[in-house]
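# Structure assessment
One-letter residues, chain by chain:
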Amino acid sequence: SAACHKLNAGAPLLDPRRSNKLIYTGLPSLDDALLNLPGTLGVVAATPGGGKSTLMVQSAYETARRGGKPMLVSLEMDGPEVESRLVARAIGVDHRQILLHGLPKGTQISDENLALFDNIYYDCDLSGITWPSLEARMSQAVVKHGVSSIWVDYLTLMNPPELKGRNTAANYGEITKACKRTAQ
């Protein structure tokens, strides 16, 4: 096939312009196992308190640290909670400490992290938003802020399309398909 000829000629299968736009989680074993390229969709499911929001914030932080421009979309958290989680990730303290009491005494946010935070766009406290509304907000962020990856927390807080005769799982399946179409 053409792919085999390309490989025999020493060329990679992936277009180099696309391969340098990886999305990172900051977890080496997960980053090694997944080739998180733009246009892909990953869905994380876990019980409440399982670390989904923490993984989303960490992944957005790590992606920004490596030159990407992530967008965090939280249908559950508000701006101060997202900000406290980002700062906590950067300086290595519990986000609740920052949220409730500010930075620990004598702690400063480095200029490097301040610049990094300027590359992380977030849209928060959107519980009950519909997919078309969220998709429009994400498209605007891509155009206006140059967003390169989007991390959505808590799809089940979105109002699914009302599809007559279908159960909740089927409705959320439609949201997942819409997410994939948008990612592509």
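Above this text is the structure in question.
Notes on the structure in this doc start here. Please read all numbers here as calculations on a predicted model, not as lab measurements.

## Thoughts on the overall build of the protein chain
Of the regular secondary structure elements, the protein chain holds nine helices and three strands. Counting helices and strands in the order they occur from the N terminus, the protein chain gives α-α-α-α-β-α-α-α-β-α-β-α. In the protein chain, buried positions account for 32% of the 184 residues. When contacts within the protein chain are restricted to residue pairs at least 6 apart in sequence, long-range pairs at least 24 apart make up 62% of them.

## Points about the pattern of salt bridges
A full pass over the atoms with the stated rule returns six salt bridges. Of the charged contacts in the structure, one is a salt bridge between R65 and E62, with a shortest N-O distance of 2.6 Å. Of this pair, R65 and E62 both sit in helix α4 (residues 52-65), separated by three residues, roughly a single helical turn. Overall, the relative accessible area of 4% leaves E62 in the buried class. Note that R85 is salt-bridged to E81, the shortest N-O span being 3.2 Å. Taken together, the positions of R85 and E81, both in helix α5 (residues 79-91) and four residues apart, correspond to about one turn of that helix. The class of R85 is buried, set by a relative accessible area of 17%.

## Details of unusual backbone geometry
Of note, the phi angle at D125 is positive, near 55°, even though the residue is not glycine. Take D125: its relative accessible area is 52%, and that puts it in the exposed class.

## Some remarks on a nonpolar patch on the surface
Together, L27, L30 and L34 make up an exposed nonpolar region whose accessible area comes to about 200 Å². Inspection of the secondary structure assignment puts L27 in the loop between α2 (16-19) and α3 (28-33).

## Observations concerning the packing of α4 against α5
At a minimum axis separation of 10 Å, α4 and α5 run at an interaxial angle of 65°. When you trace α4 past α5, the crossing you get is right-handed. Seen from α4, the contacting residues are S53, T54, V57, Q58, Y61 and E62; seen from α5, they are R85, L86, R89 and A90. Classifying every residue of the contact of α4 with α5 by side-chain character gives four nonpolar, three polar and three charged.

## Concerning the layout of surface pockets
Of the pockets and cavities examined, the second largest pocket occupies roughly 150 Å³. In terms of residue count, the dominant contributor to the lining of the second largest pocket is α4 (three residues). The residue inventory of the lining of the second largest pocket, partitioned by class, reads two nonpolar, five polar and three charged.

## What about the nonpolar core?
Where a protein is soluble and globular, its nonpolar side chains tend to be buried together. With 18 residues, the main nonpolar core has L72, L86, F117 and I120 as its most contacted residues. Elements supplying a minimum of two residues to this core: α4, α5 and α7 (111-117). For F117, the residues in contact, after removing those within four places along its chain, are Y61, L86, V87, A90 and I109. One finds V73, L126, L134 and C179 within the second-largest nonpolar core, a separate group that totals 15 residues.

## A word on the side chain of D123
The residue D123 is located in strand β2 (residues 121-123) in this model. What makes D123 buried here is its relative accessible area of 11%. A polar side-chain atom of D123 sits 2.6 Å from a polar atom in the side chain of R137.

Thresholds applied
- Residues numbered from 1 in each chain as written.
- Predicted model: local features only at pLDDT ≥ 70, side-chain atom pairs only at ≥ 80, totals over all residues.
- Heavy atoms only, no water.
- Helix = DSSP H or I, 4+ residues; strand = E, 2+ residues; numbered from the N terminus.
- Buried < 20%, exposed > 50% of the residue type's maximum accessible area, 1.4 Å probe, protein only.
- Contact = heavy atoms within 4.5 Å.
- Salt bridge = Lys/Arg side-chain N within 4 Å of Asp/Glu carboxyl O.
- Patch = residues over 30% accessible without salt bridge, like charges linked within 9 Å, V, L, I, M, F, W, Y side chains within 5 Å.
- Areas by Shrake-Rupley, 256 points an atom, 1.4 Å probe, with all protein chains shown as cover.
- Axes fitted to C-alpha atoms, helices over the stretch in contact; angles between N-to-C directions.
- Left-handed = near helix turned anticlockwise from the far one by under 90°.
- Nonpolar A, V, L, I, M, F, W, Y, C, P; charged D, E, K, R; others polar.
- 1 Å grid on protein atoms, 1.4 Å probe; cavity = no way out; pocket = protein on both sides within 12 Å on 5 of 7 lines; lining within 4 Å.
- Points joined across faces, edges and corners; volume = space filled by probe spheres on them.
- Core = buried A, V, L, I, M, F, W, Y, C linked by side-chain atoms within 4.5 Å.
- Polar contact = N/O pair within 3.5 Å; in protein donor to acceptor, adjacent residues only side chain to side chain.

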